[in-house]
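So the chains spell out like this:
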Amino acid sequence: MEQVTLESIIEGLKAKIQEGGMPDPKYWLDEAFKMTVLTADANAELARLEQRVAEMKLAYMTSQDEVNVSAVRIQIEATDEYRDVKIKRALVRSVEEMIRVAKKLSDREQGW
């Protein structure tokens, strides 16, 4: 059985939309439930990544006699870890928005 991930759910939603429109509200709601459960893992991973970037900042800053904050920021932003934080943060925000859309579609379908 294929492991369900946020990425696989998003790819499934994209495929349905590309095939011809919006998935029905029940499908959206089912996928939103899965995303809600999986978002906890994504948030935990994001926290770990953010901590790693903070540790890198601290290491850069404590390794220099004179600290140039702008230079440290540029050094950090050039790392793969910083890129990973940005990607994970964007994923979490997209998932949160998809969950809101699913709720709105469900409410509209039920006439609320």
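Our structure's up above, just so we're on the same page.
The text that follows walks through the structure, step by step, so that each part is easy to find. (Residues numbered from 1 in each chain as written. Predicted model: local features only at pLDDT ≥ 70, side-chain atom pairs only at ≥ 80, totals over all residues. Heavy atoms only, no water.)

Helix α4 (residues 80-110) packs onto helix α2 (residues 25-62) with a crossing angle of 155° between their chain directions and a minimal axis gap of 8 Å. Taken together, the axes of α2 and α4 lie roughly antiparallel to each other. In this structure, α2 meets α4 at a crossing whose hand is left-handed. A breakdown of the residues in the contact of α2 with α4 according to their chemical character gives 18 nonpolar, four polar and eight charged. (Axes fitted to C-alpha atoms, helices over the stretch in contact; angles between N-to-C directions. Helix = DSSP H or I, 4+ residues; strand = E, 2+ residues; numbered from the N terminus. Parallel < 35°, antiparallel > 145°, perpendicular 65-115°, else oblique. Left-handed = near helix turned anticlockwise from the far one by under 90°. Nonpolar A, V, L, I, M, F, W, Y, C, P; charged D, E, K, R; others polar.)

Running from amino to carboxyl end, α2 crosses helix α3 (residues 69-77) at an angle of 140°, the nearest separation of the two axes being 10 Å. Between α2 and α3, the crossing angle belongs to the class labelled oblique. Taken as a pair, α2 and α3 cross one another with a handedness that is right-handed. Side by side, α2 and α3 meet where Val-53, Met-56, Lys-57, Tyr-60 and Met-61 of the first sit next to Val-69, Val-72, Gln-75 and Ile-76 of the second. (Contact = heavy atoms within 4.5 Å.)

This part takes up the pattern of salt bridges. Evaluation of the coordinates by the stated rule reveals nine salt bridges. Residue Glu-50 is joined to Arg-89 by a salt bridge in which the shortest nitrogen-to-oxygen separation is 2.6 Å. On the criterion of sequence distance, the pair formed by Glu-50 in helix α2 and Arg-89 in helix α4 is long-range, its members being 39 residues apart. For Glu-50, a relative accessible area of 32% corresponds to the partly exposed category. A single network of salt bridges, built from pairs that share partners, joins Asp-80, Arg-83 and Asp-84. (Salt bridge = Lys/Arg side-chain N within 4 Å of Asp/Glu carboxyl O. Buried < 20%, exposed > 50% of the residue type's maximum accessible area, 1.4 Å probe, protein only.)

This next bit is on the nonpolar core. In terms of nonpolar packing, the biggest core is built from 16 residues, with Leu-6, Leu-13, Trp-28, Met-35, Val-95 and Met-98 touching the most fellow members. Elements supplying a minimum of two residues to this core: α1 (6-20), α2 and α4. The element best represented in this core is α4, accounting for seven residues. Setting aside chain neighbours within four positions, we find Leu-6 in contact with Met-35, Leu-38, Thr-39, Ala-42, Leu-91 and Val-95. Counting seven residues, the second largest nonpolar core, distinct from the first, contains Val-53, Met-56, Val-72 and Ile-76. (Core = buried A, V, L, I, M, F, W, Y, C linked by side-chain atoms within 4.5 Å.)

If you trace the backbone, Ile-17 turns up in helix α1. Look at Ile-17 and you get partly exposed, because its relative accessible area is 39%. If sequence neighbours within four positions are ignored, Ile-17 has contacts with Pro-23 and Trp-28.

Attention now goes to the side chain of Thr-39. Relative to the elements of secondary structure, Thr-39 occurs in helix α2. Here Thr-39 falls in the buried class, since its relative accessible area comes to 8%. Among the polar contacts listed, one links the side chain of Thr-39 to the backbone oxygen of Met-35, at a separation of 2.5 Å. Residues within four places of Thr-39 in sequence aside, it is in contact with Leu-6, Val-92, Val-95 and Ile-99. (Polar contact = N/O pair within 3.5 Å; in protein donor to acceptor, adjacent residues only side chain to side chain.)

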